[in-house]
Amino acid sequence: MKTTATAGGLRTGVRIAVVGDRATGKSSLIASVADESFPEDVPHVLPPIHLPADLYPDRVPITVVDTSSRIENEGRLLEELKRADAVVVTYACNEPATFHHLANFWLPELRHLEIRIPVIVAGCKLDLQDESAPMSLERKMTPIMHQFREIETCIECSAAYQIHVEDVFYYAQRAVLHPTAPLFDQESQSLKSRCRRALKRIFILCDHDMDGALSDAELNEFQVKCFNAPLQPSEIGGVKRVVRERVPEGINHLGLTLEGFLYLHTLFVEKWRVETTWTVLRKFGYNDSIELRDDFLSVSFRRSSDQSVELTRGAVDFLKRVFNAYDVDKDGILQLSELDDLFSTAPQSPWSKPPYKDAAEKSGINGLSLRGFLSEWELMTVLSPVQSLANMIYIGYSGDPASAFHVTRRRTIDRKKRQTDRRLFQCFVFGPKYAGKSVLLDSFLGRPFLDKYSSTTNERYAVNFIDQLEGGKKTLVLQEIPEDHVDKFLSKKEALAPCDVAIFVYDCSDENSWMRATELLVQVTKQAEFSGFGVPCLLIAAKTDLDPYPAEIQDSMRVCRDMGIVLPITVSAKLRDTNDIFSRVLSAAQCPHLGIPETEMGRRSKQHRQFVNHSLIVLSVGAAIAVSGNAAYRAYLSRKNTSN
């Protein structure tokens, strides 16, 4: 099992596996770092060696694991590699064949085994190297390091003479605690996008007067926060001088600009001071993936399966201010460039991929109006409140995280009380293929009708606001469940718990479509009766621009009567006749006790439960009367005996 990080992002230990050809010096290297002397007699494979925490500056204990290269030990080797945090691959400096085997076998094999951890290449037996034909380590390793970017460091050592022995494991530990790969792209020799985004956020947080530059006072405050020590005026001057020489735009009359700040961290990585950048990132809450750590997102979203999370009014007001701040041209729309700028301090734009991509109403050329912008946030909050909180913090939210979210009342309680105070409702959309489910979601987002079928292969979402006649808005989330996914979706007992209303779309011109929709209705109803999460259901007769199949009206009336739901709502996306469908779906969701279908078996089970409950009440009343009567009779006998 790999070592883990604490809540503060610091590791409790580092596990290093040492691999390589037989007789390259693996065991001698390990034994010499443990004993600080060269061992005369070393076993073929050493047991795990524990190096003390105070051996290196980071004060994190190390476990070093020796391995065998014998074929019969391949299983154990793979096990140890998967448990390791870093791997040291050895070759013998006096045996060129082992160096070639390093490049032709060991490094490709690590990739083949999908061992995605830092690699340190260690050339052992440096004291035995043939000095008549020397080749520098840099010259030997440069082409290999270009091919295998996972190599963090290359070093030559001698266990016999204690040359660079401790350094091998120091570099391995440092590669785990302060990895270069997440920060720096060796190919382009520049900071990676996620690192730049995080540093930009940190820069903005430290730029208290928001003038686009860190003044001497702000730079000093940053230094104290990260390193617990102020900078002397001469040191600040030296920093500025270095930046000005290499990046003139990195310094202006106000102080250190963002370009200068980023250049400094590029310089730290290039000068092997990568731990400096990691110290800064971790002080501001980032983990090894350059995302906010869990302890920075410590709000409890604990809830039952039939509860959901909504944004509070304060959070919505914050998001409105952010929207207005980044709507540079004040056209009421965030264009793609403005959205990119808004999320430039987050690890990536959270809405560039499903389920958020194309889930809200678009304006202009893929832009978002305030309505669409808030819709995306509402969807992200209900699907992943932790992700919603993290992205709010990334873009500048500094208030109490707990005050930004509200956990709703349980839906089962809403149904008992016959009312709900939710602002957001979730609607599951079922139906056979070709029925018009996706077209319905498109019309909800104001998109034009396209007379071209495109199968939905994954669950899809559409979110929008619905204006109410009495004023105010509610949010409706439509989730399309592809027909092929229904069985798997309903296999979970609590599948319907987050659902406020389920709709079943069918092509009114196709009898087979109708029959399949009713099968799905019965399947969902049975699941609801089994799980106890009954939901209001609506049938949607789509494609009313086509002639209905002959018995469509009679069939729909019979099924709706038998199951206790309202008649189908007719719509035609092609004619843009939605029949106020979405407001009607919202109305059904706001009356959580109505329109819940029942199967015949469910109805009989319900009647049986009611009969049993009624019988228990009668028995309880009868028992109470009997007890009361018995007490009265005993009181009568007592008085009679007293009078005698």
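Residues numbered from 1 in each chain as written. Predicted model: local features only at pLDDT ≥ 70, side-chain atom pairs only at ≥ 80, totals over all residues. Heavy atoms only, no water.

S.K.: How would you explain the overall build of the chain if you had to name every residue and give the values?
M.R.: In terms of helices and strands, the chain carries 21 helices and 21 strands. The C-alpha radius of gyration computed for the chain amounts to 34 Å, which surpasses the reference 26 Å derived for 644 residues by more than 25%, pointing to a less compact arrangement than a globule. By its C-alpha atoms, the chain is 110 × 85 × 60 Å across when sized along the principal axes. Here the contacts in the chain between residues at least 6 apart in sequence split such that 70% fall between residues at least 24 apart. By element, 53% of the accessible surface of the chain is carried by carbon and sulfur atoms, the whole surface being about 32,600 Å². Across the chain, 77 positive and 84 negative side-chain charges occur, with their mean positions spaced 8 Å apart. (Helix = DSSP H or I, 4+ residues; strand = E, 2+ residues; numbered from the N terminus. Rg over C-alpha atoms; globule rule 2.2 N^0.38 Å. Contact = heavy atoms within 4.5 Å. Areas by Shrake-Rupley, 256 points an atom, 1.4 Å probe, with all protein chains shown as cover. Lys, Arg positive; Asp, Glu negative; His and termini not counted. Charge placed at Lys NZ, Arg CZ, Asp CG, Glu CD.)

S.K.: Can you explain the sheet that holds strand β18 (residues 473-480)? Please cite residues and give values.
M.R.: The strand order across the open sheet formed by six strands is β17-β18-β16-β19-β20-β21, and the pairing between neighbours is mixed. One side of each edge strand has no neighbouring strand; the edge strands of this open sheet are β17 (460-467) and β21 (569-570). Sheet analysis places strand β20 (residues 537-542) next to β21, joined by two bridges and oriented parallel. Across the sheet, residue I540 finds its bridge partner in β21, namely I569. Packing against the sheet, helix α16 (residues 437-444) makes contact with β16 (424-430), β17, β18 and β19 (501-507), and its axis sits at approximately 40 degrees to β17. (Pairing = 2+ DSSP bridges. Axes fitted to C-alpha atoms, helices over the stretch in contact; angles between N-to-C directions.)

S.K.: Tell me about the sheet that holds strand β6 (residues 151-156), residues and numbers included.
M.R.: Strands pair in a sheet through their backbones, by hydrogen bonds, and they do so in one of two ways: parallel or antiparallel. Reading across the sheet, the six strands line up as β2-β3-β1-β4-β5-β6 and stay open at both edges, with mixed pairing between neighbours. On the outer flanks of this sheet lie β2 (49-51) and β6, each paired with one strand and no other. The mean angle between the axes of side-by-side strands here comes to 25 degrees, regardless of whether they run parallel or antiparallel. Where strand β1 (residues 14-20) lies against strand β3 (residues 62-66), five bridges are found, and the strand directions are parallel. Within β3, the residue paired with R15 across the bridge is T63. With respect to the sheet, helix α1 (residues 26-35) is in contact with β1, β2, β3, β4 (86-92) and β5 (119-124), its orientation differing from that of β3 by roughly 150 degrees. Strands β1, β3 and β4 of the sheet are contacted by helix α2 (residues 74-83), whose axis makes an angle of about 145 degrees with β1.

S.K.: How would you explain the state of the cysteines if you had to name every residue and give the values?
M.R.: Structurally, a disulfide amounts to a covalent bond that connects the sulfur atoms of two cysteines. Taken as a whole and assessed by the stated rule, the structure comprises zero disulfides. As a non-bridged cysteine, C93 has C157 as the owner of its nearest cysteine sulfur, 7.1 Å distant. The thiol of C124 is unpaired, and the distance to the nearest cysteine sulfur, on C157, comes to 4.1 Å. (Disulfide = S-S within 2.5 Å.)

S.K.: Please give an account of the packing of helix α7 (residues 216-227) against helix α10 (residues 274-283) that cites residues and values.
M.R.: Interhelical geometry of α7 versus α10 gives an angle of 90 degrees and a closest axis separation of 9 Å. Comparing the axis directions of α7 and α10 gives the class roughly perpendicular. In this structure, α7 contributes F222, K225, C226 and F227 to the contact, and α10 contributes T276, T279, V280 and K283. Of the residues belonging to the contact of α7 with α10, the class tally is four nonpolar, two polar and two charged. (Parallel < 35°, antiparallel > 145°, perpendicular 65-115°, else oblique. Nonpolar A, V, L, I, M, F, W, Y, C, P; charged D, E, K, R; others polar.)

S.K.: Which residues make up the pattern of salt bridges, and what are the values?
M.R.: The tally for this structure, following the rule as stated, stands at 31 salt bridges. Linking R293 and D295 is a salt bridge whose minimum nitrogen-to-oxygen distance equals 3.0 Å. By relative accessible area, which is 8% here, R293 ends up buried. When the shortest N-O distance is used, the salt bridge between R411 and D500 registers 2.8 Å. Taken as a pair, R411 in helix α15 (residues 411-417) and D500 in the loop between α17 (486-490) and β19 lie far apart in primary sequence, 89 residues in all. The exposure classification of R411 matches that of D500, with both residues buried. Here the salt bridges do not stand alone but share partners, grouping R409, R411, D414, R422 and D500 into one network. (Salt bridge = Lys/Arg side-chain N within 4 Å of Asp/Glu carboxyl O. Buried < 20%, exposed > 50% of the residue type's maximum accessible area, 1.4 Å probe, protein only.)

S.K.: Go over the packing of aromatic side chains, please, and point to the residues and values.
M.R.: Enumeration according to the criterion identifies 20 aromatic pairs in this entry. Pairing Y170 with Y171 gives two aromatic rings, centres 5.5 Å apart and planes at 55 degrees, and the pair type is tilted. The exposure class assigned to Y170 is partly exposed, which follows from its relative accessible area of 21%. Y171 sits in the partly exposed class, given a relative accessible area of 24%. Ring geometry for Y506 versus W514: centroids 4.8 Å apart, planes at 70 degrees, classification edge-to-face. Exposure class is identical for Y506 and W514. Each is buried. An aromatic cluster of at least three residues, connected via ring pairs, comprises F323, F343, W351, F373 and W377. A cation sits over an aromatic face here: K140 above F99, 5.1 Å from the ring centre. When the ring centre of F530 is taken as reference, the NZ or CZ atom of K493 above it lies at 5.7 Å. (Phe/Tyr/Trp six-rings, centres within 6.5 Å; stacked < 30°, edge-to-face > 60°. Lys NZ or Arg CZ within 6 Å of the ring centre and 35° of its normal.)

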